[in-house]
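Each chain, letter by letter, is given below.
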Amino acid sequence: MDKPVCLIDTASDGKLCVQQSALQVLEQIQQPVVVVAVVGLYRTGKSYLMNRLAGKQTGFALGSTIESKTKGIWMWCVPHPTKPGTTLVLLDTEGLGDVDKGDPKHDTKIFSLSVLLSSTLVLNSQGTIDNRAIEELQYVTELTEYIKIKSDEDEEDSEFVKFFPSFIWAVRDFTLEQKINGNYVTEDEYLEFALKLKPGSSRTVNEFNLPRQCIRNYFPSRKCFTFPFPTAPEKVSHLESLDPADLSPDFQEVTQRFCNFVYDRSEVKKLKDGYTVTGRVLGQFAKTYVDTLSSGEVPFLENAVMAMALIENEAALKEGLEVYQSGMEKLKKSFPLELKEVSAEHQSLSRTATQVLMKRCFKDSEGMYLKSLEEGINNLFHGYLCQNEEASKKRCENILSSLSATMTEKLKKGSYAIPGGYLLFSQDLEDIVKNYKIQANNGVKAEDTLEVFLKQKSVESNAVLQADNKLTEKEKKLMEEREKAILLAQEINTKEQKQRQLEEKIETERRSNEERMRQMKEKMDEELRLQREEAERATDSKLREQAALMEKGFKEKADRMSQEIEEFRRKNKNAEKESQKLFEKMIANMNKRHAETMNMLQKQHSEQMEAIRNMPKPSSDPFALVLNLLVKGLTIFASGSRRC
């Protein structure tokens, strides 16, 4: 994007709405996204920081009057400067506290959306982090009114730390010395001091502690940057057009540190259990959250995730099938091919299609989409096998038609209606079969097509045989038996070829299932790892907060937090066990489907073997040597029959 676009605007009825043009931009972003949102009072220079993060001097609008310039939430997507293959999504929000707004809850909705959509939340303020600045941040205390984790639980803000972004407080125009009790402190120590709780339980103390406690509890990591005045007061309103030489070196140094920190430390946006968010998913979430808030409902994170999973998984299934079908369509141009070639490409494309599904699919706890992909690929594979067989049949028929053209012409002219004509016919047929075997090159329908051809030619062969007065009746009887034996031998060849092809299909199914199981187990291990890491990060954050409470003398609060942490750990452990059970059930279902398929194929294999065993076997007496006629040559037999 060469410039920002409006992502979320206010409609004429005062309700928030998502801009379709912005969703179309996000829809094209298949990469993971790092989402940085800035919030704060209007006219505090939020847009300048976003422009610097975009690596630009201008972009997001900077106002030069007391009027709020940014309305709604604006978005700028740029390549991430330090994380290849990642997109940096910058969200510049409408200034909080604008007196022109009609909806008293409008600011809280904007703040809530910023929290929901971002992986890093930048709070921009001016002056110092004093009690007034924190009191103005009442929006953080109202988050529980606009964000819920599950629809079936009443109080769950202890879970926010799992889902909320990291937190940066950017203090602009900071002029004080960074000292506490006469000692210099770091910017982060300054922030933690400002968020320090007061002992006691009076109403005044509780009101003082509430926003501080919310920030400490909700956000897993906190960072602070204090920016000095950027330039002379009369130039501040034209900040975006100033040359670097006009800016304070100290201001430039802090700005660069801020940008580097965001680039290096801001994480890719993730959903519950560690699912990576792409631009496409971010857009869908923005629409879901905005539509929910505009309807007067409260967004439930898990409901939103499940709704998003449904959309993404359907799209993942479609994409996986398209990958498979596209590859097979390319292969189809080379039909007919031997079965092993088609099977090899099928396995390769099936593996790729499964990877596509696994990469994009999430919350498929029942394995429904993986099953649908299997079934879809198997149906497509069956269709391509039929098309390959049809192409093979057509090619084989064309070969036989071309090779037998001379014979057909001779039959029309009566060239075989002479004494000894049967020998000529048989020799021509032998040549046709020999050349066919070479040209058909073991095609999947080679034996089938030859069997049909020989059955058709047996009628003509019998007519030529009966008209050949050079042969005795005894010789003709032998020839008739020979014709039957030839057809029987070819029928056996056809069945044996089908048997070999069925064995190839059985092996293909076995290898395909092994690959699916391997990918499924990899995904299972990865998802459990992400779930575990998410829980560990949240627990570590709570432990740090508990230690800070103990250090500051809040033993009662720390003790209550111990109980909360134990309950938190118990829930996480149960959730991990539940995930493990679901994955095991999914693996069991996959094995069951595979066993059913293999049993069906093995049954077909046994039935075909039994059919071959029950077919009449060629006789071993000397006269039955004619069964080898079409393989070893007709001439030897023919000369022998004349001696008879």
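Source: prediction; values computed, not measured. (Residues numbered from 1 in each chain as written. Predicted model: local features only at pLDDT ≥ 70, side-chain atom pairs only at ≥ 80, totals over all residues. Heavy atoms only, no water.)

**Looking at the packing of helix α15 (residues 421-440) against helix α16 (residues 446-467)**
With their axes 11 Å apart at the nearest point, α15 and α16 run at an angle of 170° to one another. When the interaxial angle is binned, α15 and α16 end up roughly antiparallel. Touching Gly421, Tyr422, Phe425, Leu429, Ile432, Val433, Tyr436, Lys437 and Ala440 of α15 are Ala446, Glu447, Thr449, Leu450, Phe453, Leu454, Lys457, Glu460, Ser461, Val464 and Leu465, all from α16. Among the residues making up the contact of α15 with α16, the classes are represented as 13 nonpolar, three polar and four charged. (Axes fitted to C-alpha atoms, helices over the stretch in contact; angles between N-to-C directions. Helix = DSSP H or I, 4+ residues; strand = E, 2+ residues; numbered from the N terminus. Parallel < 35°, antiparallel > 145°, perpendicular 65-115°, else oblique. Contact = heavy atoms within 4.5 Å. Nonpolar A, V, L, I, M, F, W, Y, C, P; charged D, E, K, R; others polar.)

**Some words on the layout of surface pockets**
A volume near 1,200 Å³ is recorded for the largest pocket. The wall of the largest pocket is formed by 44 residues, among which Ser166, Pro220, Ser221, Arg222 and Arg544 lie closest to the centre. Listed by contribution, the elements that provide at least two residues to the lining of the largest pocket are α6 (160-163), β7 (166-172), α7 (187-194), β10 (222-226), α9 (249-265) and α17 (473-551). With 10 residues, α17 is the largest single contributor of residues to the lining of the largest pocket. Here the lining of the largest pocket is composed, by residue class, of 17 nonpolar, eight polar and 19 charged. (1 Å grid on protein atoms, 1.4 Å probe; cavity = no way out; pocket = protein on both sides within 12 Å on 5 of 7 lines; lining within 4 Å. Points joined across faces, edges and corners; volume = space filled by probe spheres on them.)

**Structural notes on empty space enclosed by the protein**
Applying the stated criterion across every chain, the model contains seven cavities of 30 Å³ or more. There is about 180 Å³ of room inside the largest cavity. As for the largest cavity, its lining consists of 17 residues, of which Leu116, Lys269, Leu271, Tyr289 and Leu301 are closest to the centre. Per-class residue counts for the lining of the largest cavity are 13 nonpolar, no polar and four charged.

**Notes on the environment of Val38**
Checked against the element boundaries, Val38 lands in strand β3 (residues 33-40). With sequence-adjacent residues up to four places away left out, Val38 is seen in contact with Lys46, Met50, Leu91, Asp92, Thr93, Val122 and Asn124.

**A short note on the pattern of salt bridges**
If you walk through the whole model with that rule in mind, you get 42 salt bridges. Across the pair Glu374 and Arg516 runs a salt bridge, and its minimum N-O distance is 3.6 Å. Of the two residues, Glu374 is situated in helix α13 (residues 368-403) and Arg516 in helix α17; the sequence distance between them amounts to 142 residues. Assessed through its relative accessible area of 9%, Glu374 is described here as buried. Among the ionic pairs, Lys455 bridges to Glu451, the shortest N-O distance being 3.3 Å. In this pair, Lys455 and Glu451 are both assigned in helix α16, four residues apart and thus about one turn of the helix distant. A cluster of three or more residues bridged by salt bridges with shared partners is formed by Glu504, Glu507, Arg510, Arg511 and Glu514. (Salt bridge = Lys/Arg side-chain N within 4 Å of Asp/Glu carboxyl O. Buried < 20%, exposed > 50% of the residue type's maximum accessible area, 1.4 Å probe, protein only.)

**Some remarks on the nonpolar core**
Nonpolar side chains in soluble globular proteins tend to end up buried together. Counting 70 residues, the largest nonpolar core has Ile8, Leu91, Phe111, Ile129, Val140, Phe164 and Trp169 as its most contacted members. Element by element, the count of residues in this core is highest for helix α10 (residues 279-294), at seven residues. Setting aside its immediate chain neighbours within four residues, Leu91 contacts Leu7, Val35, Val36, Ala37, Val38, Met50, Ile73, Trp74, Met75 and Leu117. Formed by 30 residues, the second largest nonpolar core is a distinct cluster that contains Phe335, Phe381, Phe583 and Met586. (Core = buried A, V, L, I, M, F, W, Y, C linked by side-chain atoms within 4.5 Å.)

**Brief notes about unusual backbone geometry**
Geometrically, the link from Phe335 to Pro336 is a cis peptide bond, its omega value of 0° lying close to zero. Secondary-structure assignment places Pro336 in the loop between α11 (301-332) and α12 (339-360). Even without being a glycine, Asp173 presents a positive backbone phi close to 55°. Locating Asp173 in the fold gives a position in the loop between β7 and β8 (179-180). Of note in the backbone geometry, Lys363 takes a positive phi value of approximately 60° without being a glycine. Within the fold, Lys363 resides in the loop between α12 and α13.

**Considering the packing of aromatic side chains**
By the definition in use, this model includes 17 aromatic pairs. Here Phe60 and Trp76 contribute two aromatic rings whose centre-to-centre distance is 5.6 Å and whose plane-to-plane angle is 80°, an arrangement assigned as edge-to-face. In this pair, Phe60 sits in the loop between α2 (46-53) and β4 (73-79) while Trp76 sits in strand β4, placing the two residues 16 residues apart along the sequence. With a relative accessible area of 2%, Phe60 lands in the buried category. A relative accessible area of 0% places Trp76 in the buried class. Ring centres of Phe227 and Phe258 lie 5.9 Å apart, and the angle between their planes is 65°; this geometry places the pair in the edge-to-face category. (Phe/Tyr/Trp six-rings, centres within 6.5 Å; stacked < 30°, edge-to-face > 60°.)

**Quick look at α16**
Taking 1.5 Å of rise per residue, 22 residues should cover 32 Å, and α16 covers 31 Å from first to last C-alpha, within 8% of that figure. Of all bends in α16, the biggest is about 30°, found at Ser458. (Expected span 1.5 Å × (residues − 1). Bend = angle between axes of the 7 residues up to and from the residue.)

**Points about the pairing of β7**
Among the seven residues of β7, seven are classified as buried, and the element is accordingly described as predominantly covered. Taking every second residue as pointing to the same face, both faces of β7 are buried, with Ser166, Ile168, Ala170 and Arg172 on one and Phe167, Trp169 and Val171 on the other. Relative to β7, strand β6 (residues 120-126) runs parallel, the two sharing seven bridges. Paired with Ser125 across the bridge in β7 is Val171. (Pairing = 2+ DSSP bridges.)

**Considering the confidence of the model for the chain**
A residue-level look at the chain finds 90% of positions with pLDDT of 70 or above and a mean pLDDT of 86. When the criterion is pLDDT under 50, residues 63-68 qualifies, and its contacts beyond four places in sequence or with other chains add up to 14 contacts. (pLDDT = per-residue confidence, 0-100.)

**Let's talk about the sheet that holds strand β2 (residues 16-18)**
Spatial strand order, β2-β1-β4-β5-β3-β6-β7-β10: eight strands in an open sheet with mixed pairing. Looking at which strands have only one partner, the edges of the open sheet turn out to be β2 and β10. Each adjacent strand pair in this sheet contributes to an overall mean axis angle of 20°, direction not counted. Here three bridges tie strand β1 (residues 5-10) to β4, and the two strands are oriented antiparallel to one another. Directly across from Val5, in β4, lies its bridge partner Met75.

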